[in-house]
Protein chains: 2
Amino acid sequence: MSEPIYEATASAPVNIAVIKYWGKRDTSLILPTNSSLSVTLSQDHLRSTTTSRASSSFDKDRLWLNGQEDVIKPGSRLETCIREMKKLRKELVEDKDANAPKLSTLPVHIASYNNFPTAAGLASSASGFAALVSSLAHLYTLTPPLTSPSTLSLIARQGSGSACRSLFGGFVAWEMGSTPTGTDSLAVQIADEAHWPEMHALICVVSDDKKGTSSTAGMQRTVETSTLLQHRIKDVVPRRMDEMIRAIKEKDFDSFARITMADSNSFHAVALDTEPPIFYMNDVSRAIIALIVELNRVSLEKGEGYKAAYTYDAGPNAVIYTLDKNVKEVIQLIVKYFPQKAGEFKDNLQVLGGGVADINQVAQVPEGFNEKVAVVREVGAVKGLIHTKVGDGPRRLGDEESLLGKDGFPKTLVA
Amino acid sequence: MSEPIYEATASAPVNIAVIKYWGKRDTSLILPTNSSLSVTLSQDHLRSTTTSRASSSFDKDRLWLNGQEDVIKPGSRLETCIREMKKLRKELVEDKDANAPKLSTLPVHIASYNNFPTAAGLASSASGFAALVSSLAHLYTLTPPLTSPSTLSLIARQGSGSACRSLFGGFVAWEMGSTPTGTDSLAVQIADEAHWPEMHALICVVSDDKKGTSSTAGMQRTVETSTLLQHRIKDVVPRRMDEMIRAIKEKDFDSFARITMADSNSFHAVALDTEPPIFYMNDVSRAIIALIVELNRVSLEKGEGYKAAYTYDAGPNAVIYTLDKNVKEVIQLIVKYFPQKAGEFKDNLQVLGGGVADINQVAQVPEGFNEKVAVVREVGAVKGLIHTKVGDGPRRLGDEESLLGKDGFPKTLVA
């Protein structure tokens, strides 16, 4: 009797933090110096997809990312994730059911694919490790009630810290935990993707002429040299986590926006307070901030509350959170200051794998808006605008979506 | 008998802080939230000059800045400084010597002139108020032993906080003090201008397309909204002040450079942590930082210590402190990445009122320098380079330098 095909394919979403993770207290277990909180973006637009297959015919564990092999080095984060998932398979399935196939003993082939290009400057490690862990969980039947997304988040966390938050849809907290082994440093869902349907996210993909400091290297330099980080960790973030959880539960956009912007600023402030300093935002990033600040100023003066909130990760791209009723105005504003030839703009959006923002309208600013807060930039300063919404957690996909061929190798290989 | 001419002319220097002043605990007395420390730059290059004359023929106190009248508003900082100087004249001179002319009862005409244009983006309020107070001190014979620069600094401080530090040459601390009336919030000299003759300062004048937030408004917003400022004030700056004073006294350039850069970063970090955030540095400022960081990295790897230190005030200009032995290399580096047509460059320097840097040498980088840390910019990104050194405190000038004509009005009037 020939061996059955043991395989599963899953996709996982990107998440963008509104309370930032910056700093590890344990670099090998990836235990953070503070809790963080993110919004999961829709996989309809941005996703990582991973197929995992176990077979006695394979020589060893192997992984291909976007068709190119990524060697699994001993002691690497990749190896840790695969090993931990195999261990969980053994403990929760094989040790309890003598009839269960001993998949934990078989080598795996893993193929992973991101539908957004590297050029978009979006971190793919979070969605990538979440998809890896999810596909292995399905392969190993480590699904509820045997495990939970929080349990799996403990393993995804060891691949890439923020990956743990991509195990849930909606609004997700990564609780820093306190044990030295990290058993309580996991993701929990604050509200699901249906909770706040009015919420939109706009990613402004900003051109940059230099490669920034990697977040792994950057955050450790901040931990070692910043004099302000300890204050952020101990006093600022804990208070903001409580306020943000309340704001989300009550769908209080004013508080959500205020805290989101303050925490983005605070993260970039401690990056700047690092020796030597780390800058992720450039002049275009700053101009986008000036636009959002002015948009909110005008609205607040009219007693109409915040209209949008910016946040920046470890790069120059802006992510703007806004509500249904304001999304058109925000897109108009961005398009006015960062002009695009309409056709190219649309092409860029498609290339970037995002939802296509409706830019077929006159670029304009609201009444009372001080147009001089930023200068109109050359075409291409913002390379594209990805328009998306809050989305669900990892999805199991059908066999027809498999990234592996019959031979156990990626269907699309890049030399 | 006709009234004698009561007049004095003085010049005062610019100072550039290495431990930054950012935040007031009392906005009307200008009492800071932390102590600060600066280097006084040479008046041979950059200075404010002020002539003050008292006469019974004048109607009221009047002041002209660069030939244009600046109306002295009731309750203004300008009025406060003049009133406080008159009060000191009365208490220390007229009340003690019945024969002393009652100058405190006479209106004054004051003409002030900065030898560097506004376009250079250098704050002129520090040198300006220091020159004002110095010229009035000479007019009123409020000179040692009757007063001291520290006593006068109490009054200059009420004109513009950092002006108090321009009352001394060399290296100057502004002690924040603790009394509610500010009687102990004054400048003291840490070391005079002859102490560290190897020290040079290079001001890179950076083009900017937008007007930044004024420092007065900006610092109050930081006090009101930054969550990190309190930590900077209470823990970070006090320790740095002690370390910096030691570094200066021991001429320890490595410590001086490290603390100078760290404190510049810390100031800009709390500005960024403000709601809405304040940015003073732009992409050119960041590129200059990248050059200095790389220059130091190469040097530190060779065990040769820091070569230069950058610092930024409330604007995009860099001030680079470096020693005699490294100044040529630093200028070469800046000129390589911020090219200038030689003639124009020299003209710019003269226009900017600075010393002319020797750029008649091949622009180059040291061995091992990663040339990709910054891109070579277009001509004009850095408008000019002012090369100067540490200088002395306010100088009394001769009558031939008077800015006032026989008629009591500025010799050069601008409509």
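Residues numbered from 1 in each chain as written. Chains lettered and ligands numbered in written order. Predicted model: local features only at pLDDT ≥ 70, side-chain atom pairs only at ≥ 80, totals over all residues. Heavy atoms only, no water.

> An account of the nonpolar core is requested, with residue identities and associated values reported.
Soluble globular proteins: nonpolar side chains tend toward being buried together. Of all hydrophobic cores here, the largest spans 245 residues; its most connected members are Phe256 and Ile288 of chain A together with Phe256 and Ile288 of chain B. The contacts of Ile288 of chain B, once residues within four sequence positions are left out, are Cys204, Val206, Tyr312, Ala318, Ile320, Ile334, Phe338 and Val382 of chain B. (Core = buried A, V, L, I, M, F, W, Y, C linked by side-chain atoms within 4.5 Å. Buried < 20%, exposed > 50% of the residue type's maximum accessible area, 1.4 Å probe, protein only. Contact = heavy atoms within 4.5 Å.)

> With reference to specific residues and values, describe the sheet that holds strand E8 (residues 68–69) of chain B.
Residue and element names in this part refer to chain B. In spatial order, the strands read E8-E7-E9-E6-E1-E16; together these 6 strands make up an open sheet with mixed pairing. Of all strands in the sheet, those with a lone pairing partner are E8 and strand E16 (395–397), marking the two edges. In this structure, strand E7 (residues 62–65) lies alongside E8, joined through 2 bridges in antiparallel fashion. From the neighbouring strand, Trp64 faces E8, where its bridge partner is Glu69. (Pairing = 2+ DSSP bridges. Helix = DSSP H or I, 4+ residues; strand = E, 2+ residues; numbered from the N terminus.)

> For the relation of the copies chain A and chain B, give the residues involved together with the corresponding values.
By a simple turn and slide, chain A fits onto chain B: the slide is 0.0 Å along the axis, the RMSD is 0.0 Å, and the turn is 180°. One copy is carried onto the other by what is essentially a two-fold rotation axis. Distance from the rotation axis, computed per C-alpha, reaches its smallest value in chain A at Ala269 of chain A: 2.1 Å. (Least-squares fit on C-alpha atoms with pLDDT ≥ 70 in both.)

> Tell me about the confidence of the model for chain A, and please be specific about residues and values.
With 93% of its residues at a pLDDT of at least 70, chain A reaches an overall mean of 93. Model confidence for the complex: the whole-complex pTM is 0.94, and ipTM, which rates the interface, is 0.93. (pLDDT = per-residue confidence, 0-100.)

> Break down the side chain of Thr33 of chain A for me, with residues and values.
All names here are of chain A. In this fold, Thr33 is placed in the loop between strand E4 (31–32) and strand E5 (36–40). Within the structure, the side chain of Thr33 is placed 3.5 Å from the backbone oxygen of Trp22, a separation counted as a polar contact. With sequence-adjacent residues up to four places away left out, Thr33 is seen in contact with Trp22, Gly23, Lys24, Arg25, Met176, Val223 and Ile233. (Polar contact = N/O pair within 3.5 Å; in protein donor to acceptor, adjacent residues only side chain to side chain.)

> Residue-level account of the environment of Val330 of chain B, with values.
Residue and element names in this part refer to chain B. Counting through the fold element by element, Val330 comes out in helix H8 (residues 324–337). For Val330, a relative accessible area of 1% gives the class buried. Sequence separation between Val330 and Leu291 is 39 residues; the distance between their C-alpha atoms is 9.3 Å. Once residues lying within four places of it in the same chain are set aside, the contact partners of Val330 are Leu202, Leu295, Ala308, Ile320 and Thr322.

> Tell me about helix H7 (residues 283–301) of chain B, and please be specific about residues and values.
Residue and element names in this part refer to chain B. Taking 1.5 Å per residue, 19 residues should reach 27 Å; H7 reaches 27 Å between its end C-alpha atoms and fits that length. Counting buried positions along H7 gives 14 out of 19 residues, so the element sits mostly inside the fold. The N-capping residue of H7, defined by a side-chain oxygen 3.0 Å from the backbone nitrogen of Val284, is Asn282. Positioned one or two residues after H7, Gly303 has a phi angle of 75°, which is positive. (Expected span 1.5 Å × (residues − 1).)

> Give a description of the environment of Arg240 of chain B that names residues and reports values.
When you line up the elements, Arg240 of chain B lands in helix H5 (residues 229–249). Residue contacts for Arg240 of chain B: discarding those within four places in its chain leaves Thr227 of chain A together with Ile19, Arg232, Ile259, Ala262, Asp263 and Ser266 of chain B.

> Explain the sheet that holds E5 of chain A residue by residue, including any values.
All names here are of chain A. One open sheet accounts for 4 strands, arranged E2-E5-E10-E11; its pairing is antiparallel. Since the sheet does not close on itself, it has two edges, and those belong to strand E2 (15–19) and strand E11 (186–191), each with one partner. Looking at each pair of strands side by side, their axes are set apart by 35° on average, direction ignored. As defined by bridge partners, strand E10 (residues 171–175) adjoins E11 across 5 bridges and the pair is classed as antiparallel. (Axes fitted to C-alpha atoms, helices over the stretch in contact; angles between N-to-C directions.)

> Go over unusual backbone geometry, please, and point to the residues and values.
Following Pro144 of chain A, the chain continues to Pro145 of chain A via a peptide bond in cis, the omega torsion being 5°. Within the secondary structure, Pro145 of chain A is located in the loop between helix H2 (125–139) and helix H3 (149–157). With a phi angle near 55°, Ile30 of chain B is a residue other than glycine that sits in the positive phi range. Examined against the element boundaries, Ile30 of chain B turns out to sit in the loop between strand E3 (24–26) and strand E4 (31–32). Residue classification places Ile30 of chain B among the buried residues on the basis of a relative accessible area of 0%.

> Describe the domain arrangement of chain A, with residues and values.
All names here are of chain A. By domain assignment, chain A separates into domain 1 (6–196 + 395–401) and domain 2 (199–389). Computed from C-alpha coordinates alone, the two centres of domain 1 and domain 2 are separated by 27 Å. Counting residues at the interface gives 35 residues for domain 1 and 51 residues for domain 2. Approximately 3500 Å² of surface area, both sides summed, lies buried where domain 1 meets domain 2, with 69% of it carried by carbon and sulfur atoms. Per-residue buried area on domain 1 facing domain 2 is highest for Lys20, Trp22 and Trp196; these three make up 29% of the total on that side. Connecting domain 1 to domain 2 are 1 salt bridge. We note a salt bridge from Lys20 to Asp313, for which the minimum N-O separation is 2.5 Å. (Domains from an automatic or database assignment. Buried area = accessible area lost by both parts, 1.4 Å probe. Salt bridge = Lys/Arg side-chain N within 4 Å of Asp/Glu carboxyl O.)

> So what about the pattern of salt bridges? Which residues, and what values?
A side chain of one charge can pair with a side chain of the opposite charge if their charged atoms are brought near each other. Going through the model one piece at a time under the given rule, you end up with 39 salt bridges over all chains. In this structure, Lys90 of chain B engages Asp95 of chain B in a salt bridge whose closest nitrogen and oxygen atoms are separated by 3.3 Å. The salt bridge involving Arg240 of chain B is made with Asp263 of chain B; its shortest N-O contact spans 2.8 Å. Taken together, the residues Arg240 of chain B in helix H5 and Asp263 of chain B in helix H6 (residues 253–272) connect sequence positions 23 residues apart. Linked by salt bridges that have partners in common, Asp44, Asp392 and Arg395 of chain A make up one network.

> Explain the interface of chain A and chain B to me, and be specific about the residues and the numbers.
Between chain A and chain B, the residue contacts involve 33 residues of the former and 33 residues of the latter. Carbon and sulfur atoms make up 62% of the surface buried where chain A meets chain B, a total of about 2600 Å² over both sides. The largest share of the area that chain A buries against chain B comes from Leu228, Leu272 and Arg286 of chain A, three residues that together contribute 23% of it. The interface formed by chain A and chain B includes 0 salt bridges.

> How would you explain the packing of H2 of chain A against H3 of chain A if you had to name every residue and give the values?
All names here are of chain A. Orientation of H2 relative to H3, taken along the N-to-C sense of each, is 130°, at an axis distance of 9 Å. In terms of their interaxial angle, H2 and H3 are classed as oblique. Both H2 and H3 take part in a crossing whose hand is right-handed. Of the residues in H3, those touching H2 at Phe129, Val133 and Ala137 are Leu152, Ile155 and Ala156. The residue inventory of the contact of H2 with H3, partitioned by class, reads 6 nonpolar, no polar and no charged. (Parallel < 35°, antiparallel > 145°, perpendicular 65-115°, else oblique. Left-handed = near helix turned anticlockwise from the far one by under 90°. Nonpolar A, V, L, I, M, F, W, Y, C, P; charged D, E, K, R; others polar.)

> Can you explain the packing of aromatic side chains? Please cite residues and give values.
Residue and element names in this part refer to chain B. In this structure the tally under the stated criterion is 24 aromatic pairs over all chains. Seen in terms of ring centroids, Phe171 and Trp196 are 6.0 Å apart; in terms of plane orientation they differ by 35°. Their pairing is tilted. Of this pair, Phe171 sits in strand E10 (residues 171–175) while Trp196 sits in the loop between strand E11 (186–191) and strand E12 (199–206), placing them 25 residues apart in sequence. Assigned by exposure class, Phe171 and Trp196 land together as buried. Centre to centre, the rings of Tyr337 and Phe369 are 6.4 Å apart; their planes meet at 45°, and the pair counts as tilted. You can see Tyr337 sitting in helix H8 and its partner Phe369 sitting in the loop between helix H9 (342–351) and strand E15 (382–389), a full 32 residues away along the chain. (Phe/Tyr/Trp six-rings, centres within 6.5 Å; stacked < 30°, edge-to-face > 60°.)

> Could you give an account of the environment of Ala194 of chain A, naming the residues involved and the relevant values?
Mapped onto the fold, Ala194 of chain A is located in the loop between E11 and strand E12 (199–206). Taking the C-alpha atoms as reference points, Ala194 of chain A and Gly170 of chain A, 24 residues apart in sequence, are found 7.3 Å from one another.

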